[in-house]
Amino acid sequence: MTTQAESDRTATATTDASWFRGLGLGVFIHWGHASTRGWELSWQMTGGVLRQEPALEPVGCNEYFENAATFDPQHFDPTAWAELAWRAGARYLVFTTKHHDGFAMFDTGLSDYSVTKHAPFGRDVTREVVDAFRARGFRIGLYLSIVDWHHPDYPRYTDETITKPYVVGSYPRATPAKWDRYRAFMLGQLGELLTAYGDIDIVWLDGEFEHTEEEWRFDEIRAFIRERQPRALVNDRCLGHGDFVTPEQQLPMVPPQQPWETCLTMNSSWGHRPQDDTWKSPALLLHTLIEAVSMGGNLLLNVGPTGNGEFPPQAVERLEALAGWLEHNAESVQGVEPGLTLWQFHGPSTRRTRPGGGTRLYLHLVTRPYERVTVRGLSVARVERVSLLADGTDLPWSVQPRLKDIHAGSDDPTGELHIDTRGTVLDPMCTVIAVDLAE
Ligand code: GLC
């Protein structure tokens, strides 16, 4: 147990998040026994959430919980997952070690409701996923829901105690004694994840929406993590103690001051749900990644593997499309900083310092240009070259310095860059224009 003095000290310490800024794409993996039935993870038993898409056909709580005994993903191949995600540009992983439904996808000693003890598969999938992704070079994030709809002390969800569809705030309450036991159990499982799986880069908590901040005591949870993994970043669902912000299913309205990522599903479901055909196009997913990076954030893109352990074909198709685009355009979204502001260029842009000095700007055409692309507020005498990033084709351009700078005889005038795009063959996903500026 942490003393109050220790937790005060650790709670105010800050964790180095510089590696997280500009990382670009991450892959979120939502997987559990529900995937064998094409059910959404956990939420299938509540019939979804009131007023929130997608609406789900409710499944009885017991029928849901008992399905764990069928989990046997014979095609599970985490090395193949890691290979594809890496080629698609992902550099960090967040894996659901346990969702709200309480089924541990790791080898826990604190409960029998786990992939190793309660399912025919019997293998510690968290360990295999973490090992494969770490070996490929990924930063490792573990998702853990701090609620547990299966644990008797939580107390367990039944068809009688929960509302279907779920109404936020309407969960069954435990007695104080049960709650203390449950919280110790939750910390115990968190401790297992933080000590038995090597260096963890991200602890991605969820489920903070059930129970009060007084009951959770997030300061203690944060200190508990810091003691075991001092360098790990924790998301903002550890209320009041987050190292980064996690807007869900859309980009933030304005870039947050803190490090941030948007988590996004490829269709509308987190888990594998074959009847959900609301797949976003590859171009749309790419544009969201580009916009996130141009605003200084990351995109945590979700995949819900099938119950048999494979990425569904629609997810593979989208990751392959990203991989194809990155073959020629990766330098515009990996290891870059936000570029221009929107009055300067009407679209997302990024920048990097060139090895020999000066700057390379990347203009992302997420809408089709008519005849020219205008960039305002540039040091126009420094423009050296304007080209298509994908194949190096030079584009015709001219500059127009501000009149007042010309009259003042400035040798470093500010003005407009005009790029003629009439003859340009546009990339069906996103054309990137590189603008090289002298130092
Ligand atoms: C939402 C969903 C949950 C999912 C999470 C990921 O909170 O309810 O199922 O795991 O988003 O951000």
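If you're wondering where the values come from, they're calculated on a predicted model, not measured in any experiment.

1. A short note on the pairing of strand β3 (residues 139-145)
Looking along a regular strand, one sees side chains alternate from face to face of the sheet. Summarising burial for β3: six of the seven residues are buried, a large majority. One ladder, built from six bridges, connects strand β2 (residues 90-98) with β3; its direction is parallel. Across the sheet, residue Tyr92 finds its bridge partner in β3, namely Arg139. For β3 and strand β4 (residues 202-206), the ladder comprises five bridges, and the chain directions are parallel.

2. A short note on the site of the ligand
All residues in the neighbourhood of the ligand are listed as Phe28, His30, Trp43, His99, Tyr143, Trp204, Asp206, Arg237, Glu248, Cys263 and Trp270. With respect to the ligand, the side chain of Arg237 contributes an N or O atom lying 3.3 Å from an oxygen atom. Burial of the ligand by the protein amounts to 93% of the accessible area it has alone, namely 310 Å². Class assignment for the residues of the shell around the ligand results in six nonpolar, two polar and three charged.

3. Examining the packing of helix α3 (residues 78-87) against helix α4 (residues 125-136)
Between α3 and α4, the least distance of the axes is 8 Å, while the angle of their chain directions is 40 degrees. Regarding the angle of α3 to α4, the classification is oblique. In this structure, α3 meets α4 at a crossing whose hand is right-handed. Note on element contacts: α4 touches α3 through Glu128, Val129, Ala132, Phe133 and Arg136, opposite Pro78, Thr79, Trp81, Ala82, Glu83, Ala85 and Trp86.

4. As for the confidence of the model for the protein chain
Confidence in the prediction for the protein chain averages 96 pLDDT; 97% of positions are at 70 or higher. Across residues 1-12, confidence stays below pLDDT 50; counting only partners more than four residues off in sequence or on other chains, it has 12 contacts.

5. Some words on the sheet that holds strand β13 (residues 397-401)
An order of β11-β14-β13 is seen for the three strands of this open sheet, with the pairing classed as antiparallel. Bordering the open sheet on either side are β11 (372-379) and β13, each of which pairs with just one other strand. Each strand axis lies, on average, 20 degrees off the axis of its neighbour in the sheet, ignoring direction. Two elements, β11 and strand β14 (residues 414-420), share six bridges in a ladder whose sense is antiparallel. Paired with Leu378 across the two strands is Gly415, which belongs to β14.

6. Structural notes on the sheet that holds strand β8 (residues 337-338)
Read across the sheet, five strands follow the order β8-β9-β10-β15-β12 without closing on themselves; strand pairing throughout is antiparallel. At either end of the open sheet lies a strand with only one pairing partner, and these are β8 and β12 (383-388). Bridging between β8 and strand β9 (residues 349-353) involves two bridges; their strand directions are antiparallel. The residue of β9 that forms the bridge with Glu337 is Arg351. Of the strands in this sheet, β8, β9 and β10 (359-365) are in contact with helix α8 (residues 282-294), which crosses β9 at around 55 degrees.

7. Re the pattern of salt bridges
Counted according to the given criterion, the structure contains 28 salt bridges. Between Arg376 and Glu416 there is a salt bridge whose closest N-O contact spans 3.1 Å. Note that Arg376 is positioned in strand β11 and Glu416 in strand β14, a separation of 40 residues in sequence. One continuous salt-bridge network, built from bridges that share partners, spans Glu331, Arg354, Arg360, Glu384 and Asp436.

Conventions used here
- Residues numbered from 1 in each chain as written.
- Predicted model: local features only at pLDDT ≥ 70, side-chain atom pairs only at ≥ 80, totals over all residues.
- Heavy atoms only, no water.
- Buried < 20%, exposed > 50% of the residue type's maximum accessible area, 1.4 Å probe, protein only.
- Helix = DSSP H or I, 4+ residues; strand = E, 2+ residues; numbered from the N terminus.
- Pairing = 2+ DSSP bridges.
- Near = heavy atom within 4 Å.
- Polar contact = N/O pair within 3.5 Å; in protein donor to acceptor, adjacent residues only side chain to side chain.
- Areas by Shrake-Rupley, 256 points an atom, 1.4 Å probe, with all protein chains shown as cover.
- Nonpolar A, V, L, I, M, F, W, Y, C, P; charged D, E, K, R; others polar.
- Axes fitted to C-alpha atoms, helices over the stretch in contact; angles between N-to-C directions.
- Parallel < 35°, antiparallel > 145°, perpendicular 65-115°, else oblique.
- Left-handed = near helix turned anticlockwise from the far one by under 90°.
- Contact = heavy atoms within 4.5 Å.
- pLDDT = per-residue confidence, 0-100.
- Salt bridge = Lys/Arg side-chain N within 4 Å of Asp/Glu carboxyl O.

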